[in-house]
Each structure stands twice: as C-alpha cells, then as structure tokens.
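Here are the chains, one letter per residue:
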Amino acid sequence: MNKTRKIVITGAESTGKSTLAEKLSDHFNASWIPEFARQYVENLNHKYTYADVEAIALHQIKIENELVNKPVVFFDTWLIITKVWFDFVYGKHPTWLHQAILNSNIDLFLLCDIDMPWVEDPLRENGGENRKILHQIYINELKTYNFEYQIVSGLDQSRLQTAINFVNQT
C-alpha cells in the first residue's frame, strides 16, 4: 500500500486557505478535505464552546485516519489551527491534542502569509493586530513540532504557483 501524501494549508484567518486548497487539489487532481470548523460553527445555534472546538479536533483526526489509498490529499486547515484556536481563545487545549499532532504524518504545511487583504466575514474574529500575532504563533507551532513548512505569499495566480512549486519540491 502506498503512503498518502498529506499537505496541510494553514494560517491566520482571511489568508486564502480554502481557495488555495481547492485550487491545489484541482491542479494536482488530488483529494481535498474542506475546512470542517467553518461548517460546524455555521450550524451551531449558540456561540461555539470549548467542547465544540474539541469535537472539531476529534472530527479532523477521524477524517485523517480514514484516508486510504489516496496519492495526495490537501487539508484546508488541520489540528495546528485547532490547537492555536484552543490556546488563543481558552488559554488551554485538551491534553490528548499534543500527542495527536505528534502521531500524525503530515508531509508539508503551506502556511498562508498575511499579505492578502482582510475580508470581513461573520465567523472571522481575528483581523488587525491579532492576525499578525496569530501568523507568528503558527510559525512558532510549526517550528516547535519540527514540521516541514513553507510560507506561501503573493496574490492570485502568483500565490498558487508558489504553492505548486513547494508541493513539487516535496
């Protein structure tokens, strides 16, 4: 059985993660796992809670564990974002999350730069200075876990081509 090549698109809010994940999956004719957190939170009839974020993390793990016989899969967000979300909003995360991150086999993280304009959205909470802070937190988390990552900058086709080049190099 061939190993599935897993590539995560990550980064602060409003940095084009979903668009980039979809375009990369089209370019490489690969599978794409859409952002589950957005779908989950949109369907809540209350403000999300710690338990909701934990449910999102558990679902992300379940989806990743179900991947079989896929040559390449692009993830629109992943556990690093969920860990940062826990820590930033609640100042803590579930004790099991660290080990789940370590147990995962992600081949490459594409960290979307904050060089794109902020776009207002009812679910987005962290524009302005928080966006810059979160971008640095993502870099720190990726370094802490010693994950291979590349920062994807630029707009539109330039951003996509940069990401394609990084994927081709891994």
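Residues numbered from 1 in each chain as written. Predicted model: local features only at pLDDT ≥ 70, side-chain atom pairs only at ≥ 80, totals over all residues. Heavy atoms only, no water.

**Student:** Please set out the overall build of the chain residue by residue, giving values where relevant.
**Tutor:** When helices and strands are tallied, the chain shows seven helices and five strands. If you list the helices and strands of the chain from N to C, you get β-α-β-α-α-β-α-α-β-α-β-α. The C-alpha atoms of the chain give 15 Å as radius of gyration, which agrees with the globular expectation for 170 residues (15 Å, within 12%). Across its three principal directions, the C-alpha atoms of the chain cover 40 × 40 × 30 Å. Sorting the 170 residues of the chain into buried and exposed places 45% on the buried side. Taking as baseline every contact in the chain between residues at least 6 positions apart, the subset at least 24 positions apart corresponds to 76%. Summing over all exposed atoms, the chain offers an accessible surface of approximately 8,800 Å²; the carbon and sulfur share of this is 51%. Each charge class in the chain can be summarised by its mean position, and for the 16 positive and 21 negative side chains these summaries are 3 Å apart. (Helix = DSSP H or I, 4+ residues; strand = E, 2+ residues; numbered from the N terminus. Rg over C-alpha atoms; globule rule 2.2 N^0.38 Å. Buried < 20%, exposed > 50% of the residue type's maximum accessible area, 1.4 Å probe, protein only. Contact = heavy atoms within 4.5 Å. Areas by Shrake-Rupley, 256 points an atom, 1.4 Å probe, with all protein chains shown as cover. Lys, Arg positive; Asp, Glu negative; His and termini not counted. Charge placed at Lys NZ, Arg CZ, Asp CG, Glu CD.)

**Student:** Could you give an account of the nonpolar core, naming the residues involved and the relevant values?
**Tutor:** Counting 33 residues, the largest nonpolar core has Trp78, Leu79, Ile80, Ile101, Phe109, Tyr138 and Phe147 as its most contacted members. Going through the elements one at a time, α2 (36–42), α3 (50–66), β3 (72–76), α4 (79–90), α5 (95–103), β4 (108–112) and α6 (128–144) are the ones with two or more residues in this core. Top contributing element to this core by residue count: α4, with six residues. Leave out the neighbours within four places in its chain, and Tyr138 touches Thr10, Gly11, Ala12, Ile80, Ile81, Val84 and Leu111. Ranked by size, the runner-up nonpolar core spans 16 residues in total, among them Leu20, Val72, Leu110 and Val167. (Core = buried A, V, L, I, M, F, W, Y, C linked by side-chain atoms within 4.5 Å.)

**Student:** Go over a nonpolar patch on the surface with me, naming the residues and quoting the values.
**Tutor:** On the surface, Phe88, Val89 and Ile133 cluster together into a nonpolar patch covering about 210 Å² of accessible area. Tracing the backbone through its elements, the reader meets Phe88 in helix α4. For Phe88, a relative accessible area of 33% translates into the label partly exposed. (Patch = residues over 30% accessible without salt bridge, like charges linked within 9 Å, V, L, I, M, F, W, Y side chains within 5 Å. Salt bridge = Lys/Arg side-chain N within 4 Å of Asp/Glu carboxyl O.)

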